[in-house]
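Overview (structure and organization)
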Amino acid sequence: MSTNRKALVIGCRGQIGIELVMALRTKLGQDNVIGADIQPAESVSSEDGPYVQLNVLDAEALRACVQDHAVTEVYQLAALLSATGEKNPMYAWKLNMEGLLNILELAKEFKFRLFWPSSIAAFGPTTPADQTPQTTIMEPSSVYGISKLAGERWCEYYFMKYGVDVRSLRYPGLIGHRSAPGGGTTDYAVDIFYSALKENKYTSFLSENTELPMMMMEDAIRATIQLMESDAEKIKIRSAYNLAGISFTPKQLAEEIQKHLPGFEISYAPDFRQGLADSWPNSIDDSTAKNDWGWEIEYPMPRLVSTMLEEIAKKVS
Ligand code: SER
C-alpha cells in the first residue's frame, strides 16, 4: 500500500465524494485520505476517517488544510449541479468557478496533482449529439455547463502556463447505490430504482425518449482513480476527457427494470430539467480516453440495472 500518497477530497459528502473516499481509503489506507466538506465535523462519523469542515470559497482555510495535511493529490468535487444551479445561477457560478480557481492557485504553489470533474453539461444544443467527439462545438446553455466549460479552459491554462498536473473527466450521469444524487438532471436514473422497489411505479421528470449518456458509479470511480494514477506523459488532454458508459432513455431503463419487476410502470411528467437534458449529447465518443490511458467500462446496462436493484432492495426492505 502506498504510504507517500496523501489525498484530500473536497465535497466528500456528495454523491461522488462519498464513494471516492471509500475507494481511496481502501487503496491508500484510512488516514491517508482526508475528507472535507461544508458540514460540521460533529455531523460526520469519526470512525470513517479524518474529516475537515471546509468551505472551498474560503481560500485561507483551504490553504491551511492543504498545508497542514501535506497532501499530494486533491479531488475538488464541491459544486452546484445543473438543476440546482438554474435556481441560483450567481451562486452556482461563484461556487463552481472560485472553488476551482482557489484550488488551482494552490496546486500551482504546492504542486499536488489535482482532479476536477467536468460533465456532459459542458456541451450544448449545437454540439453533435450522437457519439459526441472529444473536440467539438461547445456552447452550453446552463449555468452549470458554462461553469464546466470555463473550468476546463482554466485547467488547461494552468497546465500550459504553470505546469499544474490537473486532470479531468466529462462525467456522464452517474448512477450509484451508496450515495444520493443532489440537484442533477440525470438523477431520475437513480430515483427510479427506489420508487420501483418501494411502489413498483415511477413518474419520470424527463420524457420517455430522452437519451442521455450514463455510467455506473463503480465505473466512474475506477476511471477517476485510473486517470489520477496514470503517468503524466499519457495525459494528453488537460481540459477534460470524454468518458462514455452507456446511453439510454427513461423508457429503455424502465424496460430493463421490468425484466426484474414485471409489474413496474413508468409515467412521464417532464419539468424544467427536460430543457437541460435536451441540450446535452445522446452518446459520447470516448476513444481518446481509451487510447491515452486505457479506459474501459465494466458495467453495461443489464449489469448496472441488476446491481442497482439488488443493492437498493437491501436498503428499502
Ligand atoms: N449529472 C449532472 C447533472 O445532471 C451532469 O453532470 O447535473
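Here goes a summary of the coordinates provided. Everything numeric in this text was worked out from a predicted model, so none of it was measured.

Let's shift gears to the pattern of salt bridges. Scanning all chains against the criterion turns up 20 salt bridges. Of the charged contacts, one joins Lys27 and Glu229 as a salt bridge, the two residues approaching to 3.3 Å between their closest N and O atoms. Within this pair, whereas Lys27 is found in helix H1 (residues 15–28), its partner Glu229 is found in helix H7 (residues 217–229), the two being separated by 202 residues in sequence. Notably, a salt bridge pairs Asp165 with Arg167, separated by 2.9 Å at the nearest N-O pair. Note on accessibility: Asp165 and Arg167 belong to one class, buried.

Moving on, we get to helix H11 (residues 301–316). Between its first and last C-alpha, H11 extends 22 Å over 16 residues, near the 22 Å set by a 1.5 Å rise per residue. Among all positions in H11, only Met301, Leu304, Val305, Thr307, Met308, Leu309 and Ile312 are buried. Where H11 is buried, its residues meet strand E9 (173–175), helix H6 (188–199), strand E11 (212–216), strand E13 (246–248) and helix H8 (250–258).

Let's shift gears to the nonpolar core. Grouped together as the largest cluster of nonpolar side chains are 38 residues, with contacts concentrated most on Ile175, Tyr188, Phe193, Phe248 and Leu253. Residue assignment for this core shows that the elements contributing at least two residues are helix H5 (143–162), H6, E11, E13, H8, helix H9 (273–278) and H11. Ignoring anything within four residues of it in the chain, the contact list for Leu253 reads Tyr188, Ala189, Ile192, Phe193, Phe248, Met301 and Val305.

The environment of the ligand is formed by Leu81, Ser82, Ser119, Tyr144, Gly184, Thr185, Thr186 and Trp280. For the ligand, an oxygen atom lies 2.6 Å from a polar atom in the side chain of Ser82. One of the side-chain N or O atoms of Ser119 is found 2.6 Å from an oxygen atom in the ligand. Protein coverage of the free-state accessible area of the ligand, which is 230 Å², stands at 93%. Residue composition of the shell around the ligand, by class: three nonpolar, five polar and no charged.

You can see Ser195 is positioned in helix H6. With residues up to four places along the chain from it excluded, the contact list for Ser195 reads Asn200, Lys201 and Tyr202.

If you trace the six strands from one edge of the open sheet to the other, you get E3-E2-E1-E4-E5-E7, paired in parallel fashion. What marks the edges here is a single partner per strand, and that holds for strand E3 (51–53) and strand E7 (166–167). The sheet contact formed by strand E1 (residues 7–10) and strand E2 (residues 33–37) spans four bridges and is parallel. Within the sheet, the bridge partner assigned to Val9 lies in E2 and is Gly35. Most of the contacts of H7 go to strand E5 (residues 113–115), to which it runs at about 155°, and overall it touches strand E4 (73–76), E5 and E7.

Moving on to the state of the cysteines. For the structure on display, the rule yields zero disulfides. Between Cys65, a free cysteine, and Cys12, which holds the nearest cysteine sulfur, the sulfur-to-sulfur gap is 10 Å. The exposure class of Cys65 is buried, given its relative accessible area of 5%. Cysteine Cys155 is unpaired, with the sulfur of Cys65 as its nearest cysteine sulfur at 19 Å.

Okay, the environment of Glu109 next. On the secondary structure map, Glu109 appears in helix H4 (residues 89–110). You can call Glu109 partly exposed: its relative accessible area is 43%. Between the C-alpha atoms of Glu109 and Tyr162, which are 53 residues apart in sequence, the distance is 9.4 Å.

All right, on to the pairing of strand E10 (residues 201–204) then. Going residue by residue along E10, you find Tyr202 and Ser204 tucked away on one face and Lys201 and Thr203 left uncovered on the opposite face. Across four bridges, the pairing between E10 and strand E14 (residues 265–268) is parallel. Within the sheet, the bridge partner assigned to Lys201 lies in E14 and is Glu265.

With their axes 10 Å apart at the nearest point, H4 and H5 run at an angle of 15° to one another. Judged on the interaxial angle alone, H5 and H4 are roughly parallel. The chirality of how H4 crosses H5 is right-handed. For the pair formed by H4 and H5, the contact residues are Pro89, Ala92, Trp93, Asn96, Met97, Leu100, Leu101, Leu104, Glu105 and Lys108 on the first element and Val143, Tyr144, Ile146, Ser147, Ala150, Gly151, Trp154, Cys155, Tyr158 and Tyr162 on the second.

Now for the packing of aromatic side chains. Counted according to the given criterion, the structure contains 10 aromatic pairs. Seen from their ring centres, Phe115 and Tyr171 are 6.0 Å apart, and the 55° between their planes marks the pair as tilted. One end of the pair, Phe115, is in strand E5; the other, Tyr171, is in strand E8 (residues 169–171), with 56 residues separating them in the sequence. By the burial criterion, Phe115 is buried, and Tyr171 matches it.

Definitions and limits used
- Residues numbered from 1 in each chain as written.
- Predicted model: local features only at pLDDT ≥ 70, side-chain atom pairs only at ≥ 80, totals over all residues.
- Heavy atoms only, no water.
- Salt bridge = Lys/Arg side-chain N within 4 Å of Asp/Glu carboxyl O.
- Helix = DSSP H or I, 4+ residues; strand = E, 2+ residues; numbered from the N terminus.
- Buried < 20%, exposed > 50% of the residue type's maximum accessible area, 1.4 Å probe, protein only.
- Expected span 1.5 Å × (residues − 1).
- Contact = heavy atoms within 4.5 Å.
- Core = buried A, V, L, I, M, F, W, Y, C linked by side-chain atoms within 4.5 Å.
- Near = heavy atom within 4 Å.
- Polar contact = N/O pair within 3.5 Å; in protein donor to acceptor, adjacent residues only side chain to side chain.
- Areas by Shrake-Rupley, 256 points an atom, 1.4 Å probe, with all protein chains shown as cover.
- Nonpolar A, V, L, I, M, F, W, Y, C, P; charged D, E, K, R; others polar.
- Pairing = 2+ DSSP bridges.
- Axes fitted to C-alpha atoms, helices over the stretch in contact; angles between N-to-C directions.
- Disulfide = S-S within 2.5 Å.
- Parallel < 35°, antiparallel > 145°, perpendicular 65-115°, else oblique.
- Left-handed = near helix turned anticlockwise from the far one by under 90°.
- Phe/Tyr/Trp six-rings, centres within 6.5 Å; stacked < 30°, edge-to-face > 60°.

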